[in-house]
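# Chains, contacts and geometry: an overview
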Amino acid sequence: MIINHPILGPRDAQEFVYLGDANLINRPDGMTAGIEAFHDYLYNRDNPAGAHRELWYHEQGDRSWLVVTRNTLTHEILKVELARDVAKAQGRSK
Amino acid sequence: MKQSNRISGGQIDRSTSLHFTFDGRSYLGHAGDTLASALLANGVRLMGRSFKYHRPRGPLSAGSEEPNALVHLRTGARQEPNTRATVAELFDGLHATSQNAWPSLRFDSMAINDRLNSFFTAGFYYKTFMWPAAFWEKIYEPIIRRAAGLGALSKEEDPDEYDKGFLHCDILVIGAGPAGLMAALTAGRAGARVILADEDFRMGGRLNAETYEVGGMAGADWASAAVAELMSMPHVRLMLRTTIVGAFDHGIYSAVERVSDHLAVPAAGKPRQTLWRIYSKRAILAGGATERPIAFENNDRPGIMLAGAVRAYANRWGVAAGDRVAIFTNNDDGLRTARDLQAKGVDVAAVIDSRQGGDLLAGIRHLQGAQVIDSSGRLGLRSVTVRLASGATETISCSALGVSGGWNPNVNITSHHRSRPEWRSDIAAFVPGAGGPAGLTAAGAASGALSTHGALATGQAQALAALADLGKAATAGELPRAEDAPIAISPLWYVHEGKGRAWIDQQNDVTVKDVKLAHQENFTAVEHLKRYTTLGMATDQGKTGNVLGIAIMAELTGQSIPATGTTIYRPPYTPVAMGALAGRSRGREFKPFRLTPSHKWAAEQGAVFVEVGNWLRTQWVPKAGETTWRESVDREVLATRRSVGICDVTTLGKIDIQGTDAGAFLDKVYANTFSTLAVGKCRYGLMLREDGIVFDDGTTARMGPHEYVMTTTTANAVTVFRHLEYCRQVLWPDLDVQIISTTEAWAQFSVAGPNARRLLQKIVDQDISDAAFPYMGAGNITIGGLRGRLFRISFSGELAYEIAVPTRYGDAMIRKLMAAGAEFDAIVYGTEALGVMRIEKGHVAGGELNGQSTALNMGLGKMVSKKKDSIGMVLSQREGMNRDDGYRLVGVKPVDPKGSISAGSHFMEIGAPVELASDGGWLTSKVFSPHLGCDIALGYLKAGDQKIGRKMRAVNFLTKTDTIVEIVSPHFFDPEGERLRG
């Protein structure tokens, strides 16, 4: 597979480490959310046959975490974004 | 050594004679021959024994689809099993032997299987060797493995090198027949970067095996001219002897180039094979088609071949498949073979044509409406029995029979992303279906365009389409003139008469009868058919047999072939040597060591090393007269506790963390608090996973208001850093914090023992008295002017420091430390002594940080601050992880000091039955403590904190130990920590 890194251009997937569903960005606040919310965050996942947003880490590269939108049926990569940009757009801060 | 079947013509160099042997007999061939063509030229038809029934077999084909003619090539360490004689390029001195036959190819004792064939039908193994289960491993499997099987490995180390490489192109063209050459010419002329790869050692594909004209010249000559033009283009790379074995995502293809397989020994510095990864923007599959046989009784005798192979041997290699050849066909292609042989002066006994009507061949006995119903000749074909249109039978003597049941496009690679081939009834074959690898199109025979003109036209058209996709301007040049004859096929899959076996998949010995049995037992779906009969599961992946088997099943079920469907293909297209997949990752290169800065010094001292992840660390350093490892380790522990010991701890992960939010960041990633840590101090940190399980631990020092240095365990150095990047970028993207791994930047040594300070003060420029550098102090120092770092931390329970210098000074540093320590009898201790001392102190490490344990389990529950949000804080509060009767870290020692305990033992109450229900936990780490003079251990015991002082059994079935132990505090040594602060 080839991942089109938003900064570095097309890179072989072997340079990356896969984590999983990009919903991991939406971590609840531990001071306000309870065990149920964290349980849902950590363990419950959609398993779509089609477009899937997922986190990849460019470990053998610039150490960027990326959000890759990949079609799980064809492996077509529809979009690649810096996870930091996605997280900030979703309202994450400090 | 007369080449009795050599005839005129062909693309061989008759001026070069090559000597070779097969099963100990010497023969002559020519440059340009394959092993199969040379053996056939010498009148040798018998080349192997079949897999299951040990039937005598000769080559069926003249290419990589070959199911039968599998041989050992070469001798000694270079012996290679299961090579196909039909693609093995002849070289002088080639040594080939037959396989799967004993004592000899002509008299194979296992041919008894052939007589017992009624027992060995499809499903035989499933039905026969089912019980008793214990018999499988000890009795059935060894017998089956000995009897059935292919070649044997040399069992010696492969002396050759294999390489890997990466290539990039605009358009990859797979196959260099007329379609591939035309595609490459079209793309190359338009200036595209082209790679043209072909598995053969001569480009041209079927043009080399046919007598057709292309553009007014012999097809083979047109191919040569095309290759010459392509070679003149610097942006075109031609790759001979290169098989595209798999299609992967995003235009990536893997290819095996057999760089030196055609040589006795690779040239100096050259690999035997290279595995290429080709990155392409577009790819054109021009892989041609494979002929399929027609099944009839005894259709597997040596001398019975595909008609196109008979033609290839005659036209390309100047070899008559036999002195008298018959043809059995259901389409016009078989007639070509007869005409070509006739033109070469080979005696054509008859053409048995299953079709009725149409023009009769001139000057050849052409039997229309006839079928071959049987054959004779134990070790080679002697005659065929023919059912004539009249209903009468006739026996026709012949030494070779060419069979053509039609051609199957080589769709294999188009299926590598699960696309299913589609049936085309006009050519009675499967063609590439929709949904194949993105960017890949098929041209020529691979796409179902079976004529030469069709190949040229589709090759050009697909190249133009690819160029247009890539935005490259190109014009369609005039196509060279070529034949465009239809195949005129009238499908015939198998001859319906005869009680004997008619072979479909010759490599796995699957017969028409097996397919009928599968049908009878309701294994009618193609995937069931495949697994029940093993159809297509051999090393040739059923290239000649699959479609035949599927068509016969379709006939039996009364379904159409498209309704029956087809199995699909997976990589590799042809078998790939393990060596090619390994490349240079062999032996030590498979997993290179990382060496610590003191490695050279330690090796000079005769240190014993141990692999820790990728690192090689000193395990202990034996002294003269020490005969067991325990003597060395005990001495290292006692010497450290008595005076001072030094240990290289560079392997621990080191991460620099800087920024105005560095403290806040550490509060989020550690369970305990770091933002309140004073500058110049260290603190032990516990890191959890989000699920509340302990992830890692280590000490982190605050070097400045916005600057921390974190240490991690050796094992988790990489994963902790990845996790920190995740927290920093994904979870809290606005934190002002930067991190960088400095594991390789600093050589770090632990200096431990009552004399540690005295030793270090000799070399450190600053005052490091207890007042100036108290317990858990940290700071930048200099060592004779060299910048360094000092941390007063201890893993051993002694007064201890870790001192760090830039890595390039690591070797000098260990020598300086040892010189300065000479007056204190300083020693170096290894990982074993380190383990003894940390267990004596009750510190957790690998055995306890097992990915299943919580802070509470480790007795560190109070470290998880609930006043702040940190990774794992919330889920560590789950009820099940906070039970009073959960596991707690305990110390363990045998009641009898001479008693032996072993790690992995399980705790049982004394008197309780030794069974799972009595299991109270397990021992995680065990050492002999020279300080206490007995074995000691750590362990996780249910409600362990309430069981201090209790006596229990420690039972271990693996080491067969069962010892009465006392549960104690995990702090065996200096529980008050007075020595640390000394």
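Residues numbered from 1 in each chain as written. Chains lettered and ligands numbered in written order. Predicted model: local features only at pLDDT ≥ 70, side-chain atom pairs only at ≥ 80, totals over all residues. Heavy atoms only, no water.

## A short note on the overall build of chain B
Along the backbone of chain B there are 21 helices and 50 strands. Summarising its shape, the C-alpha atoms of chain B cover approximately 115 × 70 × 55 Å along the three principal directions. Relative to its full complement of 982 residues, chain B shows a buried share of 60%. (Helix = DSSP H or I, 4+ residues; strand = E, 2+ residues; numbered from the N terminus. Buried < 20%, exposed > 50% of the residue type's maximum accessible area, 1.4 Å probe, protein only.)

## Focus on the overall build of chain A
Of regular secondary structure, chain A possesses 2 helices and 6 strands. Shown N-terminal to C-terminal, the secondary structure of chain A runs as helices and strands in the order β-β-β-α-β-β-β-α. The principal-axis extents of the C-alpha atoms in chain A amount to approximately 40 × 30 × 20 Å. Per-residue burial for chain A yields a buried fraction of 45% across its 94 residues. A sequence separation of at least 24 residues applies to 49% of the contacts in chain A between residues at least 6 apart. Taking the 11 positively charged and 13 negatively charged side chains of chain A as two groups, their mean positions are separated by 7 Å. (Contact = heavy atoms within 4.5 Å. Lys, Arg positive; Asp, Glu negative; His and termini not counted. Charge placed at Lys NZ, Arg CZ, Asp CG, Glu CD.)

## Quick look at the interface of chain B and chain A
Counting residues at the interface gives 36 residues for chain B, matched by 38 residues for chain A. A combined buried area of about 3,200 Å² lies between chain B and chain A, and 54% of that area is made up of carbon and sulfur atoms. Put simply, chain B and chain A have 7 salt bridges between them. Between Glu690(B) and Arg27(A) there is a salt bridge; the shortest N-O distance is 2.5 Å. When residues of the side of chain B that touches chain A are traced back to their parent elements, those giving at least two are strand 15 (273-285), helix 18 (717-731) and strand 39 (738-741) of chain B. Ranked by residues supplied to the side of chain B that touches chain A, first place goes to helix 18 of chain B with 9 residues. Each residue belonging to the side of chain B that touches chain A can be placed in one class, and the counts come to 16 nonpolar, 5 polar and 15 charged. (Buried area = accessible area lost by both parts, 1.4 Å probe. Salt bridge = Lys/Arg side-chain N within 4 Å of Asp/Glu carboxyl O. Nonpolar A, V, L, I, M, F, W, Y, C, P; charged D, E, K, R; others polar.)

## Topic: the domain arrangement of chain B
Residues and elements named next belong to chain B. According to the domain assignment, chain B contains domain 1 (1-155), domain 2 (162-290 + 409-469), domain 3 (293-405), domain 4 (499-564) and domain 5 (837-968). Here the C-alpha centre of domain 3 lies 31 Å away from the C-alpha centre of domain 2. Contacts between domain 2 and domain 3 engage 9 residues on the former and 7 residues on the latter. At the boundary of domain 2 and domain 3, one finds 6 residue pairs in polar contact (both at pLDDT 80 or more). The residue makeup of the side of domain 2 that touches domain 3, split by class, is 3 nonpolar, 2 polar and 4 charged. (Domains from an automatic or database assignment. Polar contact = N/O pair within 3.5 Å; in protein donor to acceptor, adjacent residues only side chain to side chain.)

## So, the pattern of salt bridges
If you walk through the whole model with that rule in mind, you get 64 salt bridges over all chains. Residue Asp734(B) is joined to Lys88(A) by a salt bridge in which the shortest nitrogen-to-oxygen separation is 3.1 Å. Highlighted residues: Asp734(B) in the loop between helix 18 and strand 39 and Lys88(A) in helix 2 (residues 83-89), drawn from two different chains. Using a relative accessible area of 30% as the deciding quantity, one classes Asp734(B) as partly exposed. For Asp200(B), the salt bridge identified is with Arg316(B), shortest N-O distance 2.6 Å. Here Arg316(B) lies in helix 7 (residues 307-317) and Asp200(B) lies in the loop between strand 9 (194-197) and strand 10 (213-214), a separation of 116 residues in the sequence. The burial state of Asp200(B) is the same as that of Arg316(B); both residues are buried.

## Notes on the side chain of Ser37(B)
All names here are of chain B. The residue Ser37 is located in helix 1 (residues 35-41) in this model. For Ser37, a relative accessible area of 0% gives the class buried. In terms of polar contacts, Ser37 uses its side chain to reach the backbone amide nitrogen of Thr34, at 2.9 Å. Leaving out residues up to four positions away in the same chain, Ser37 has contacts with Tyr313, Trp317 and Val319.

## Thoughts on the sheet that holds strand 31 (residues 594-595) of chain B
On the basis of which strands lie adjacent, the open sheet formed by 3 strands has the order 31-33-32 (chain B) and mixed pairing. Both edges of this open sheet fall to strand 31 and strand 32 (608-612) of chain B, since each of them pairs with a single strand only. (Pairing = 2+ DSSP bridges.)

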